[in-house]
Every structure is written in C-alpha cells, then in structure tokens.
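Coordinates in review
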Amino acid sequence: MRKRLLLVNLGVVLLGLAAAFLLAMPLVQNLYEEEFSRRLDTALAFMLNETDRIAADPQGFAREESALLEKSGQKMRITVIDPEGRVIGESGSQADKEDAGLIAKNHLSRPEIYEAKLHGRGYDIRVSDSLGDSYYYAAVYVEGRFYLRAALPMTELNRVMNSMQLCMLCGVLLGCTVAGLFAVVSARRISRPLLKLTEATRRISQGDFASRVQVSEDSEIGDLAKAFNRMADATSGAFHELHRKHRQLEGVLQGLDDGVLAVDGAGRVLFVNGRARELLDAGSLREEDFLTGSLALNKLQESIGEAKEHLHAVRGEMKTGVPERIMTVYAAPLNKGRASEGALAVITDVTEMRRLQQLRSEFVANVTHELKTPLTSIRGFIELLKSGDRDKETRLYFYDVLDIEAERLHHLIDDMLVLSQIENAREDASAVPCNLKKELQATVERMRPLAQKQNIVIELSAGEDGLWVLSSSSRLQQLFGNLVENAIKYNKPEGKISITLRRQRQTAVVRVSDTGIGIPPEHLGRLFERFYRVDTSRSREIGGTGLGLSIVKHLVGLYNGDVSVESVPGEGSAFTVRLPLNPEE
Ligand code: ADP
C-alpha cells in the first residue's frame, strides 16, 4: 500500500510538471515571437524611411544600420535582397567569412521573402542556411526596388527554453523528493491506523471481543475506527447476550431430570446432558461421538434413526443395566423442509414410577386380601349363627370370633390410616422436644400386661436422661410400641426383651432386642415393606396386620432417622432405631 501510494504521488507530480511545462513552453515561445516580430517591425518601419539610401548602397546601409542597432543594445541582422532574389546587402560580420555560394543563393524561395512578395510583409523562424544559426526573420517588399529583411538571433529564446528545461528537471527532482516524503509520511499516517484496525479485527475474529482500536486523529480513518469500535461493542454485546442465553439454556437442559441428547444428520452427538450420560451409563459420551458402544446407545440410535427416517416423533422403551432400569425414549426429528437435519431424544427413567405403580397394585391386592379374610370369616360365622339353633356356649364362642375378626379389621384400618398419614406428611408440624427415656418408659408400661401374659420380661436400660428428640409423643410411643409388640409377639414363652438407650454423637440410639424366633436372613431386606410377613399364618393368628414395621420405617423417616435389623433365627432379633437429637437441647 505504501509503495502504491508513493508511485501514485510520483506519477501525479511528474504528470503535473510535464503538463505545466508543455503548456508553458509554447506560451513562452509565442510571447518571445510576438516580442521579436514587434521589434523587427519597428526596426523595419524606421529603416523604410530611407529607401533611397538603401537602394543606393544596400551593403553599406545594412552594415551601418546593424552597427547602429548593436550600439543601442539590439543585435540584429539586416539583409537587402533585390527583386530577383539576390542578396545585395548583408550586415552580419560573419558574412565575411561566409561561404559566398550560400549568400549568393537566390533568396526568393525563402518563406518570409515569398510571403512579403505576396502580401508585402512576411515572417519565418528557421536555421539560417547561410549562417547556420536559428533566426527570426521579418521581411518587407518595397515594390519593384528591393526586399528589406531584418533578423533577430533566436539564441536568447533558446537560452530561455534551455533554462526552462533545466528548471523543469530541477522541479521534477524536487517534486519527486517532496512527493516521496509526503507519500511516505501520509502512507504511514493512513496505514498505521489501518494496521491497527486489521490487528483488532484479527483479534476479534479469534474471540477477543474486548479488543478495540485507539485512533486519536479526527479524520475519515478516525471515523472509521470509531465506527469499528461501535460495531465491536455491538458484536461483543450480541455475542455475550447469545452466550448468556446459551448458558441459560444449557443450564436448564443440564438441570433436567430427564436425559436430553441431540444428534446431527450424520448421527454425531450435538448435545448431551449429564443426566443422559448417567441414564445411558455412558460417562465418556461427548459431542461429535457416534451412538455406539453399548446396548443402550444402540437402542437409542435405533429410535433416533426411525424418527429421522419417517420424519415423525417415535416413542420407545428400553431396559438397561444391573439393577435393571426402565427408560422411555422420545425421539423427534429436527426437520428442515422435508429432510431431517438431525434428531432430539429425551430419555426418562420410569423405573421408580413403574415400581410405584407395581407397589400400588400390590397394595390394592394386599389390602383387598387383608380385608377379605376377616370379612369372609365374619360372614361365615354370621351364616352359622343364622343357619340353626345354637346353644348359648356355641353362640358365645361365635360372638367371640366375630369380635376378634372385627377387632382385626379395626386394627387393620387403623394401621392403614396411620401409614397413609405418615406417608403423606413431609414433616411433623406438631413436633416438640420429647424426652426419649420418658417415652420409652411409657411404652414399656403400656406393653407390660401383654408381655406378662406370656411371662416375658422387659428390661429397659436408659442411662442417659437428657436425650431429647423433636417428635410427637404419641408417634414416638407408636414407633417403639410396634417394635416392643413384635418382640413380644414373636418371642418364646418366658423370653426376654431388652431395650437400651444411648447417645452416639448427635444421635440417640434405641435398640430393642428379644430372645424370640428370629428372622431368616433372606427376609431381612423386605421386612419393612407393607404387608410383608415372614410367617403369614402365625402373624395372622396372633393378630398381625403386616403393617407394623412399615409404620416404624415411615415414622423414623419422618424424623430424619433410620432403622435397621439384625437377627439370628432361633435366637432372637434386634431392631436399632437412630434418631437425630434436638440440636437446641
Ligand atoms: P405384623 O403385624 O405381621 O407383625 P410387622 O410389619 O410388624 O407385621 O412385621 C412384619 C413381619 O416381620 C412379621 O410378620 C414377622 O414375621 C416379622 N417380625 C417382626 N418383628 C419380629 C421380631 N421381633 N422377631 C421375629 N420376627 C419379627
């Protein structure tokens, strides 16, 4: 750019000077010619006053007049030519040395003489044949007598023209130097901010949106730099806004509980959120990867392929991993016109939902069954009572059975209500600080008559007095009551129950152990499920509903604690409840 600017400047200077010179040269020449013709005309006009003298002694006249004019500062050559064209008088001192042949040449053909013959006066500029110098000639014709010609040497004009050419050469050199310097300076002035602009553009294109151009000058380049900075501001603002929205969207998608995955037309991953990686068990799945490498990915690829091929959303289901998880897949094509550009898949883990559905139907089946058994029994005994005359003793026995079954129903419905209440409660709004030792003592006192019936001894060892938990007294007593009741129900006659209370850091630990029948290990995992019983007939026989431990588990959960069980079949079981202590006590 600098080179081009330099060349252009030099070209302009050269052209300008050449044009000026070409215009000035003919102008100067014209001026000189006008001046010469004026001087020659004046001289000739004076000389024509002495035509007789000229005619009498043309050679003398020419020499004398020329000498006279030279004295007054005008070097002029005077020639007298007769009407036949012979030179009869010639002033030039050189004429002595002249080749006589040249002077003797007929002068009628000289342009100025020829013109004077035609119009009385003629002019010409040329190199003198006779003298070899350049002259400006003016001639007048004195009808029938002679031609009088005066000539001024062009040496002055040539000198002027030469000096003008010299001037032009100097001007060109000076102009070129100045133009060159100017071009270098202005190229630097123009190119420096342009270089800055180029650099800033390069940095912005590489992602450095903070890059700006600092141009102080108040010129078009300055305006361009300001416009560039404004554009950079706008671009940077738009980019950051876009980036912010992109992050927001990505945050939303990453935060979803469903897996979201998008692929392009070639099947390469465009986007995948963390949940999708987790559900597909593909922690290393990245953008640009293909959906291959595991059964789940292949299955997903199948659904996506189907959606892309048929250009409509596809719903599918797949099972993965151990433990088995059930997932639904919703794949929809990302259409552009009639072609599919890619597809979006949403993967939802429905394992828990399916489990709950299963639990619900199991629960309905269990409840129906649990209600049906005592009801069938009640209806059967009522039929027996109605069908014939029974003696008083039999009737009383039937009434007792009806009473027991009704009680069982009542108990069952009570337990179901309690369970439903606890399940629905997120936290216990009526919770107050309760002293665990007191609650355990109350529970033991409540259960002692039942234990005594079977000669079972209950021992409570609660060393710590000051253990308080946030709970409600009735729920705590229900929790421990269920455990103690089970320890009595599933104990051996004359067995023993021991209850301990201790503190473990910020937790109260209550352990209810018995010397009962124990629980085989294969049942321990499901023991706290609703209606789960180890020995169904024994449980029913002794009035169990199968909900006691489920209530315990939910109550413990309500107070952010936990419950565990250890058991040795034939030797006894121990249930351990851990409850967080009230932090304010
Ligand atoms: P149930 O009303 O049948 O007692 P639970 O939910 O309280 O229902 O108990 C579930 C099952 O766990 C019982 O049927 C019983 O088989 C077993 N179980 C509970 N506690 C004990 C225990 N202390 N000793 C042995 N088995 C027990």
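Residues numbered from 1 in each chain as written. Predicted model: local features only at pLDDT ≥ 70, side-chain atom pairs only at ≥ 80, totals over all residues. Heavy atoms only, no water.

Some thoughts on the site of the ligand
Taken together, 21 residues lie around the ligand, and Asn-486, Tyr-490, Ser-539, Thr-545 and Leu-549 are the ones closest in. At a separation of 2.8 Å, an oxygen atom of the ligand approaches a polar side-chain atom of Tyr-490. In the model, an oxygen atom of the ligand is placed 2.8 Å from a nitrogen or oxygen of the Gly-546 main chain. Protein chains bury 98% of the 530 Å² of accessible surface belonging to the ligand in isolation. Comparing atom positions with the cavity grids shows the ligand to sit within the largest pocket. The set of elements that each furnish at least two residues to the shell around the ligand consists of helix 13 (473-489), helix 16 (548-558) and strand 17 (572-580). With three residues, helix 13 is the single largest residue contributor to the shell around the ligand. Counted by class, the shell around the ligand contains nine nonpolar, eight polar and four charged residues. (Near = heavy atom within 4 Å. Polar contact = N/O pair within 3.5 Å; in protein donor to acceptor, adjacent residues only side chain to side chain. Areas by Shrake-Rupley, 256 points an atom, 1.4 Å probe, with all protein chains shown as cover. 1 Å grid on protein atoms, 1.4 Å probe; cavity = no way out; pocket = protein on both sides within 12 Å on 5 of 7 lines; lining within 4 Å. Sits in = over half its atoms within 2 Å of the grid points. Helix = DSSP H or I, 4+ residues; strand = E, 2+ residues; numbered from the N terminus. Nonpolar A, V, L, I, M, F, W, Y, C, P; charged D, E, K, R; others polar.)

A few points about the sheet that holds strand 4 (residues 134-142)
If you trace the five strands from one edge of the open sheet to the other, you get 2-1-5-4-3, paired in antiparallel fashion. On the outer flanks of this sheet lie strand 2 (87-90) and strand 3 (121-127), each paired with one strand and no other. Taken pair by pair, the neighbouring strands of this sheet meet at an average axis angle of 20°, ignoring direction. Alignment of strand 3 against strand 4, held across seven bridges, turns out to be antiparallel. (Pairing = 2+ DSSP bridges. Axes fitted to C-alpha atoms, helices over the stretch in contact; angles between N-to-C directions.)

A few points about empty space enclosed by the protein
With the rule as written, the count across this model stands at one cavity of 30 Å³ or more. Size it by volume and the largest cavity reaches roughly 40 Å³. Taken together, Glu-370, Pro-374, Arg-408, Leu-412, Arg-533, Arg-540, Gly-544 and Thr-545 make up the lining of the largest cavity. Elements with a contribution of two residues or more to the lining of the largest cavity: helix 10 (351-387) and helix 11 (392-424). (Points joined across faces, edges and corners; volume = space filled by probe spheres on them.)

Some remarks on the sheet that holds strand 12 (residues 457-462)
Hydrogen bonds between backbone atoms are what pair the strands of a sheet, whose relative direction is either parallel or antiparallel. Taken in spatial order, the five strands line up as 12-14-15-17-16 in an open sheet, and their pairing is mixed. This sheet does not close on itself; its edge strands, each paired only once, are strand 12 and strand 16 (562-568). The mean angle between the axes of side-by-side strands here comes to 15°, regardless of whether they run parallel or antiparallel. Of the pairings in the sheet, the one linking strand 14 (residues 496-504) to strand 15 (residues 507-514) comprises eight bridges and is antiparallel in character. Looking across to strand 15, one finds that Leu-501 is bridged to Val-510. Against the sheet, helix 12 (residues 436-453) touches strand 12, strand 14 and strand 15, its axis set at about 175° to strand 12. (Contact = heavy atoms within 4.5 Å.)

Some remarks on the pattern of salt bridges
Applying the stated criterion across every chain yields a total of 34 salt bridges. A network of salt bridges, in which partner residues are shared, links Glu-50, Arg-53, Glu-64 and Glu-65. (Salt bridge = Lys/Arg side-chain N within 4 Å of Asp/Glu carboxyl O.)

A look at the layout of surface pockets
By volume, the largest pocket is sized at about 1200 Å³. Residue assignment for the lining of the largest pocket shows that the elements contributing at least two residues are helix 11, helix 12, helix 13, helix 15 (536-541), helix 16 and strand 17. At ten residues, the largest contribution of residues to the lining of the largest pocket is made by helix 13. A class-by-class count of the residues in the lining of the largest pocket yields 18 nonpolar, 17 polar and 15 charged. Estimates place the volume of the second largest pocket at around 540 Å³. The wall of the second largest pocket is formed by 18 residues, among which Arg-355, Leu-359, Glu-423, Glu-529 and Arg-530 lie closest to the centre. Only helix 10 and helix 16 provide two or more residues apiece to the lining of the second largest pocket. The biggest single contributor to the lining of the second largest pocket is helix 10, with seven residues. For the lining of the second largest pocket, the per-class residue count stands at six nonpolar, four polar and eight charged.

With respect to helix 10
In this model, helix 10 (37 residues) spans 52 Å end to end at C-alpha, consistent with the 54 Å of a helix rising 1.5 Å per residue. Within helix 10 the residues assigned to the buried category are Val-367, Glu-370, Pro-374, Ser-377, Ile-378, Phe-381 and Leu-385. Looking at the buried residues of helix 10, the elements they touch are helix 11 and helix 15. (Expected span 1.5 Å × (residues − 1). Buried < 20%, exposed > 50% of the residue type's maximum accessible area, 1.4 Å probe, protein only.)

Overview of unusual backbone geometry
In this structure, Asp-281 takes a positive phi of about 55° despite not being glycine. Take Asp-281: its relative accessible area is 71%, and that puts it in the exposed class. In this model, Phe-531 sits at a positive phi of 65°, which is unusual for a non-glycine residue. As for its placement among the helices and strands, Phe-531 is situated in the loop between helix 14 (521-524) and helix 15.

Observations concerning the nonpolar core
Ile-458, Phe-480, Ile-499 and Val-577 are the most contacted members of the largest nonpolar core, which has 48 residues in total. Tallying contributions element by element places helix 13 first for this core, with seven residues. Filtering out sequence-adjacent residues up to four positions away, Phe-480 remains in contact with Leu-436, Leu-440, Thr-443, Val-510, Val-577 and Leu-579. In terms of nonpolar packing, the next biggest core, distinct from the first, is built from 28 residues, Phe-21, Val-28, Met-47 and Met-161 among them. (Core = buried A, V, L, I, M, F, W, Y, C linked by side-chain atoms within 4.5 Å.)

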